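# Structural overview
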Amino acid sequence: MSIWTQSDGGDQSGMRRWQSGNTAGRMLLLPHVLVHVISGPIEATLLSTGQSLQRALSLYPPAWLMFAERIKSRAIFKQALIHGTGQYNMPVVQNAIADGSLSDSIIAVLEKKAQAVVNGVAQAQRCMASYYPAALMREKTIGRVDRDNIGRADYGNDILMWIALCVFRHWLSDQLAADHTHHAPDMGYQLMSIVNQGGNAYLSRQVLQHQFHARFPMSPKGMACVEHRLMEIKNNVAQWAAPLMVDDTELDTTRYPVKHYTHIRVDVEDYPWAASEIAAQAAIAVGDTAPVDDAPELNEEEGVFLESSDSEMGENAGSDDVDGEDDTGDEDAMET
């Protein structure tokens, strides 16, 4: 059976495109078709293992990136690229880059995706560091204290919110000073993860009581007010961490949690072999030259090619003599 046909009698549009394409386009597409025929069963077998494969992809993505590039498996390459980008600053990826295990095309994609993650984390941290609760801000006024709420007493009423904001910024600056940023091996994943969780994931009531209120004692009511306003701040700043915590992998992170970003989006152009496939398909679509297996249409009744005209047949009649001489005179003599 030809590799261009399907044994189940299904759609043969791929074969028709092959037959209708030009010779150059076919030669460009041939390696991709052969790889697809070979890699299809391999890919299906691996994907059928479910979470075993997904966990392996998360543990050592460089090897799977190389493997997926060889067999041109988009499903495996996508998952490996997500995990590889999240672990870009970690030794598992950096060592593979340093020892030449990864191809230049894979390294280029990893660098591009990692830079996008770095930019997103840096922007989120800047937003958190410059955050002000809406209740503290005032609109631009003409400067009348009696009507614009810009007097000392008005700002004094916000003192507990300012204290809560000071506590949050103190904690955040301590995290940034400890280099829990996009420069860290996890590209700031630990910091952004607890910010996204909010609640008692950081700056819990116990921490405030044993650290902050140990230096700045307050009445029970004052302590409760600070904790309440701090909770409002934590809920608001989580909006910048939430997009970074989206999980775009097939891994069950509930059973197999990871400590790196998995929100990376993979586009069609991120597959290293996508450009060559597009070029091959475009070459077939252009169809500048006729297919090599095209033949003139045959008339079954007359047994001659339709492209041959009667005039051509007339011109060729009587010209079978090798030396090109006219044999008409000889035939007349024989009749006489």
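Residues numbered from 1 in each chain as written. Predicted model: local features only at pLDDT ≥ 70, side-chain atom pairs only at ≥ 80, totals over all residues. Heavy atoms only, no water.

### Looking at the overall build of the chain
Across its full length, the chain carries 16 helices and 0 strands. Expressed as a percentage of the 336 residues in the chain, the buried residues total 35%. Long-range pairs, those at least 24 residues apart, make up 72% of the contacts in the chain between residues at least 6 apart in sequence. When the accessible surface of the chain is summed, it comes to about 20,500 Å², and 53% of that surface belongs to carbon and sulfur atoms. (Helix = DSSP H or I, 4+ residues; strand = E, 2+ residues; numbered from the N terminus. Buried < 20%, exposed > 50% of the residue type's maximum accessible area, 1.4 Å probe, protein only. Contact = heavy atoms within 4.5 Å. Areas by Shrake-Rupley, 256 points an atom, 1.4 Å probe, with all protein chains shown as cover.)

### Describing the confidence of the model for the chain
Any segment with low pLDDT has predicted coordinates that should not be analysed in fine detail. On average, residues of the chain score 79 in pLDDT, and 69% of them reach the 70 mark or higher. Every residue in residues 288–325 scores below 50 in pLDDT, and together they form 23 contacts with partners more than four places removed in sequence or on other chains. (pLDDT = per-residue confidence, 0-100.)

### Some points on unusual backbone geometry
With phi around 65 degrees, Asp179 is a residue other than glycine that occupies positive phi space. Here Asp179 lies in the loop between helix H10 (159–177) and helix H11 (189–197). Take Asp179: its relative accessible area is 37%, and that puts it in the partly exposed class. Phi is positive for Leu203, close to 50 degrees, though the residue is something other than glycine. Position of Leu203 among the secondary structure elements: in the loop between H11 and helix H12 (205–215).

### Here's the deal with the nonpolar core
Ranked by internal contacts, the top residues of the largest apolar core, which has 59 residues, are Met192 and Tyr261. By residue number, the principal contributor to this core is helix H7 (residues 104–129), which donates 10 residues. Setting aside residues no more than four positions away along its own chain, Met192 makes contact with Val121, Ala124, Gln125, Met128, Trp240, Ala241, Leu244, Met245 and Tyr261. (Core = buried A, V, L, I, M, F, W, Y, C linked by side-chain atoms within 4.5 Å.)

### Section: the side chain of His83
Looking at the secondary structure, you find His83 in helix H5 (residues 74–86). A distance of 3.0 Å separates a polar atom in the side chain of His83 from a polar atom in the side chain of His260. (Polar contact = N/O pair within 3.5 Å; in protein donor to acceptor, adjacent residues only side chain to side chain.)

### Notes on the packing of H10 against H11
Contact pair H10 / H11: the axes reach a minimum separation of 11 Å and the direction vectors enclose 160 degrees. Judged on the interaxial angle alone, H11 and H10 are roughly antiparallel. Here the hand of the crossing between H10 and H11 comes out right-handed. Here Trp171, Leu172, Gln175 and Leu176 of H10 lie close against H11, whose contacting residues are Leu191, Ile194 and Val195. Among the residues forming the contact of H10 with H11, the class breakdown is 6 nonpolar, 1 polar and no charged. (Axes fitted to C-alpha atoms, helices over the stretch in contact; angles between N-to-C directions. Parallel < 35°, antiparallel > 145°, perpendicular 65-115°, else oblique. Left-handed = near helix turned anticlockwise from the far one by under 90°. Nonpolar A, V, L, I, M, F, W, Y, C, P; charged D, E, K, R; others polar.)

### So, the packing of H7 against H10
Interhelical geometry of H7 versus H10 gives an angle of 150 degrees and a closest axis separation of 10 Å. Between H7 and H10, the angle is such that the two are roughly antiparallel. The element H7 and its partner H10 pack so that their crossing is left-handed. When H7 is examined against H10, the residues Gln125, Met128 and Ala129 are found in contact with a partner set consisting of Phe168, Arg169, Leu172 and Leu176. Taken together, the residues of the contact of H7 with H10 break down into 5 nonpolar, 1 polar and 1 charged.

### Quick look at the pattern of salt bridges
Side chains that differ in sign of charge can pair as their charged atoms come close. Summed over all chains, the structure comprises 4 salt bridges. In this structure, the salt-bridge partner of Lys112 is Asp270, at a minimum N-O distance of 2.7 Å. With Lys112 in helix H7 and Asp270 in the loop between helix H13 (220–241) and helix H14 (274–286), this pair connects stretches of sequence that are 158 residues apart. The partner of Arg205 in a salt bridge is Glu227, with the nearest N and O atoms 3.0 Å apart. Taken together, the positions of Arg205 in helix H12 and Glu227 in helix H13 put the pair 22 residues apart, joining distant regions of the chain. (Salt bridge = Lys/Arg side-chain N within 4 Å of Asp/Glu carboxyl O.)

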